[in-house]
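Descriptive structure summary
Residues per chain, in single letters:
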Amino acid sequence: SKQITTMFKSAALVLLSRSSHSFLIHHTPRRSLPLCFTHKMSTQTEVTQNDVISPPVARRDEEKVCFAGVGPADWDVKMPRQSNDSSEKLLDPPVAIPDPYGWLRDDTRENKEILDYLRAENEYSQSMTTHLKGLQDSLYDEFLSSIQETDYTTPRSREGFWYYTRTFKGESYSAYCRAPKTSDTFSINWDGTKESPIMPGEEVYLNVNELAKDKSYCSVGRVKPSPSQTYIAYAVDFSGDEKYEMHVRNLETGEDVALSEVGSDELLEIDGLLWGKDDDTLYYMTMDEFHRPYRLYQRKDWKSDAPTDTLLKEELDDLFWCSSYKSLDGKYIFFDTASKETSEVWYLSTEEESSVTEMKCVAKRRNKVLYEVEHGDDSWYVWTNVDGSPNMKLMSSPATADSAANWELVVDTNGTPLFDGSLAKSLDSVTVLNTHVVIEGREGGIPRVWVYSKETKKMKMLSFDEDAYDVGMLAHFEADTKSIAVSYDSLVTPPSSIEISLDDDSQRTVLKTKAVPGYDKVSYGCDRMEVLSRDGEAKIPISVVYSNETMEKVKAGERVPVHLYGYGSYGACMEADFDTTRLPLIKRGMIYVIAHIRGGGEMGRQWYEEPNGAKYLCKKNTFNDFVDVAKFLADTWTTPEMLSCEGRSAGGLLIGASINQAPELFKCAILGVPFVDVAVTMTDSTIPLTSGEWVEWGNPNEEKYHQYMMEYSPMNNVQKGKTYPACWLTGGLNDPRVAYWEPAKMTATLRHANPNNENPICMKLDLSAGHFSASDRYKYFRELAYDYSFLLDQLKLAN
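Note that the coordinates shown come from a computational prediction; the quantities given were computed from them, not determined experimentally.

Before going further, it helps to spend a moment on the packing of aromatic side chains. This structure, assessed with the given rule, holds 36 aromatic pairs. Taking the centre distance of 5.7 Å and the plane angle of 75° together, the rings of Y163 and Y205 count as edge-to-face. In this pair, Y163 sits in strand β7 (residues 161-167) while Y205 sits in strand β9 (residues 203-207), placing the two residues 42 residues apart along the sequence. Of the two residues, Y163 and Y205, both sit in the buried class.

Applying the stated rule across the entire model yields 47 salt bridges. In this structure, R299 engages D309 in a salt bridge whose closest nitrogen and oxygen atoms are separated by 2.7 Å. One end of the pair, R299, is in strand β17 (residues 293-300); the other, D309, is in strand β18 (residues 308-314), and ten residues separate them in sequence. Looking at R299, the relative accessible area reads 3%, which means it is buried. A relative accessible area of 26% places D309 in the partly exposed class. The network of salt bridges with common partners includes E341, R605, E609 and K615.

Moving on, we get to the environment of D191. Looking at the element boundaries, D191 is found in the loop between β8 (175-180) and β9. By relative accessible area, D191 is classed as exposed at 53%. Residues D191 and M529, spaced 338 residues apart in sequence, show a C-alpha to C-alpha distance of 43 Å. Only 2.8 Å separates the side chain of D191 from the side chain of S196, close enough to count as a polar contact.

With that settled, consider the packing of helix α2 (residues 112-128) against helix α12 (residues 741-753). In a packed pair of helices, the relevant descriptors are the angle between the two axes and the axis-to-axis distance. At a closest axis distance of 12 Å, the pairing of α2 and α12 adopts a crossing angle of 65°. At the point where α2 passes α12, the crossing takes the left-handed sense. Contacts between α2 and α12 involve Y117, L118, E121 and Y124 from the first element and A744, T747, A748 and R751 from the second. For the contact of α2 with α12, the class distribution of residues is five nonpolar, one polar and two charged.

What follows deals with the nonpolar core. L118, I591, V593, F626 and W697 are the most contacted members of the largest nonpolar core, which totals 120 residues. Ranked by the residues each element gives to this core, the list is headed by helix α13 (residues 777-794), at nine residues. M285, L312, M359 and M395 belong to the second-largest nonpolar core, a separate cluster that totals 28 residues.

The terminal C-alpha atoms of helix α8 (residues 650-661), which comprises twelve residues, lie 17 Å apart, in line with the 16 Å expected from a rise of 1.5 Å per residue. With respect to burial, α8 is a largely interior element, eleven of its twelve residues being buried. Among the residues of α8, those classed as buried are A650, G651, G652, L653, L654, I655, G656, A657, S658, I659 and N660. Check the buried side of α8 and you find it contacts α7 (620-636), β39 (643-648), β40 (668-672), α9 (678-682), α10 (690-697) and β41 (726-732).

Mapped onto the elements, K393 comes out in strand β25 (residues 393-398). For K393, which is buried and forms no salt bridge, the nearest opposite charge comes from D387, at a distance of 4.8 Å. Within polar-contact distance, the side chain of K393 engages the backbone oxygen of V386 at 2.6 Å. Looking at K393, its side chain comes within polar contact range of the side chain of S389, at 3.2 Å. The contact partners of K393, leaving out residues within four places of it in the chain, are V382, W383, T384, N385, V386, D387, L409, F419, D420, G421 and L427.

Okay, unusual backbone geometry next. Glycine aside, a negative phi is what most residues show, and trans is what most peptide bonds show. The amide bond that connects D92 to the next residue, P93, takes the cis arrangement and shows omega of 10°. Summarising the element assignment, P93 is placed in the loop between β3 (65-68) and β4 (95-98). For the peptide bond that leads from E610 to P611, omega is 5°, which places it in the cis range. By the secondary structure assignment, P611 is in the loop between β38 (591-595) and α7. At V673, a residue that is not glycine, the phi angle is positive and equals roughly 30°. Classification of V673 as buried rests on a relative accessible area of 4%. The phi torsion at L689 lies on the positive side, around 80°, for a residue other than glycine. The exposure class assigned to L689 is buried, which follows from its relative accessible area of 9%.

What follows deals with the sheet that holds strand β19 (residues 321-326). Within the open sheet, the four strands sit side by side as β19-β20-β21-β22. Their pairing is antiparallel. For this open sheet the edge positions go to β19 and β22 (360-363), each flanked by a neighbour on one side alone. Direction aside, the axes of adjacent strands within the sheet are offset by 25° on average. Bridge analysis of strand β20 (residues 332-338) against strand β21 (residues 343-349) gives seven bridges, and the strand direction is antiparallel. Bridged to A338 within β21 is S343.

About the criteria used
Residues numbered from 1 in each chain as written. Predicted model: local features only at pLDDT ≥ 70, side-chain atom pairs only at ≥ 80, totals over all residues. Heavy atoms only, no water. Phe/Tyr/Trp six-rings, centres within 6.5 Å; stacked < 30°, edge-to-face > 60°. Helix = DSSP H or I, 4+ residues; strand = E, 2+ residues; numbered from the N terminus. Buried < 20%, exposed > 50% of the residue type's maximum accessible area, 1.4 Å probe, protein only. Salt bridge = Lys/Arg side-chain N within 4 Å of Asp/Glu carboxyl O. Polar contact = N/O pair within 3.5 Å; in protein donor to acceptor, adjacent residues only side chain to side chain. Axes fitted to C-alpha atoms, helices over the stretch in contact; angles between N-to-C directions. Left-handed = near helix turned anticlockwise from the far one by under 90°. Contact = heavy atoms within 4.5 Å. Nonpolar A, V, L, I, M, F, W, Y, C, P; charged D, E, K, R; others polar. Core = buried A, V, L, I, M, F, W, Y, C linked by side-chain atoms within 4.5 Å. Expected span 1.5 Å × (residues − 1). Lys, Arg positive; Asp, Glu negative; His and termini not counted. Pairing = 2+ DSSP bridges.

The values reported here are purely geometric and, on their own, carry no functional implication.
See below:
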């Protein structure tokens, strides 16, 4: 579905990740120095001298630099220093950026010295937390006790079957299931055991536990039933590097085939997959050498010994990230190519796929015009910022090529545009059904769902009882429906799947509510508040969740521990949702705060874009907002000795920049797979995903952006002579988004700048995972317990 495709694309464009190289000038080779170890012991009273080894000290190559600006004499001219359409001046002569730990980069992940160093970091972190083994076990048990290990997802209708997934106690991965559809509604009469089916006639058609057998990592991407429901095509990654194999399984015989490149035994490495009109045609995306999806292929007769591949479309501009999807009515295959600021969509009719291989363009790309497309009623439904609107407007036109001149605003019965692109509300996605259009977006900083009747031309926003919540459409596979299903939750309300009539939204049926054993909602509370930014330009929303017992202490004037979480990039939204993994912190007396800082999209695209958001030359707003929220918390509910912070990927950049700006404000910081070597990474287009990021952060090779980026890049702004908070950095050896050497270099930089820092600096690097941590759910909980034990110990909450 388009919805799922958008989710995948945003996960990539949103780059909850990054990868980093820089062009390095190699001077006369030095003899590789052995790893050195200091004898500084931890200051924690709970840890004895015999328990803790010295932290490893990475050697520094003070002569190693990377250059920002024009390419050095031996630079590969095929690799751009700026985007093709940039008119900005490159730094000339180039400017050297120190990179003393650049030697830690190894694209092969096989260098013995580096691997030994990473293992030494892991050993040090383990020694620093040996005394916390009991706490880690308790946290792990608490994580498990708050989920129903044997469970299922809400069944969804698709071509004569109900599709859903199951999990089983003791098994790490999901099982994909389906059952025959005998009516338009269903009721679940399940006894709660793993042996019993959820629905009559249940069939397990893909058990990921079997795929993962003897594998250290296993992540299943898309799983697509064929039009006849006889086959499934699925993608699977066995390393964490996000290079997926493509398999097709016959659901009648169980035969499973890994597809290879035509004329070769090499397995296909894909990014996305789709079925055509029938079971004979598949579509798949491939990536270039820099891990960017850029080509769409059509494979005919995939079952035969001589299948044929046709290249339908490719995008050679490496600013653009590509994806493919099928319209909900099944009539079109779309190829979407987009940078952060410009997009273009091509289409192919499935009715013509056997004879036509030339895709047509919905609307040719125009600089800084974004648009997305769905099909219905022989029309394109387009959401776009054309004409420079701050948010997306909803438009439609006949479904023809080069249709931009015919786009018209979709209006209600009074002729008022449903979404005019103004600041009032933002539009994120559109689902076109036979009788209605369902629109997802935001108003007042809260996710919203609107239902528009094609017949009456009336639109209504779905309402819910709580003031702040998270809501969104569940997967829909059929356009011919009388109802929709949404997922609803809040900071204190576990997720529920709710079926809602399209004609009368008061007719609602709760299909399933997530079971949270031992959770008592009345014991917890939540608030939505605002903090004024230092520039006076923004009221920063914060979402707060706590136990009522803790908040009573605050009301009585007592200071309590607070954990502050943030992200603030790519226009991504951090929702006020329910998360069982927060409960162990809250039960130990912490208040959990989510800062909806600029750079995200919580308040619409204006919260993200220039001039008042946090992109390009106003990116510092992200970090300033976070620090402003932290200062507010330290002045009201907590103290710096009881305040911790956390962010992941681009959120790790946030934490790195924030603790550099105000190291005295925090006691502990968690930097998960952190994008912290911003300036060095962004100079080099040979790094996967880098050039596409120039339209997010700016290009430090250009005069316009270089100095501004150098002023906030965490690696380049660690202060000397300051007391930094205890830091816990994580990474994955196979991460293609934020390379493992970024947290490794930051760890070494923090220690070098303040060798006598009273708070520990630790790194935990998973040698068998990528950007998204462990794929095994039990291992994930173990890793999270490890992280949180360090946090609680630093805040003196370990007991």
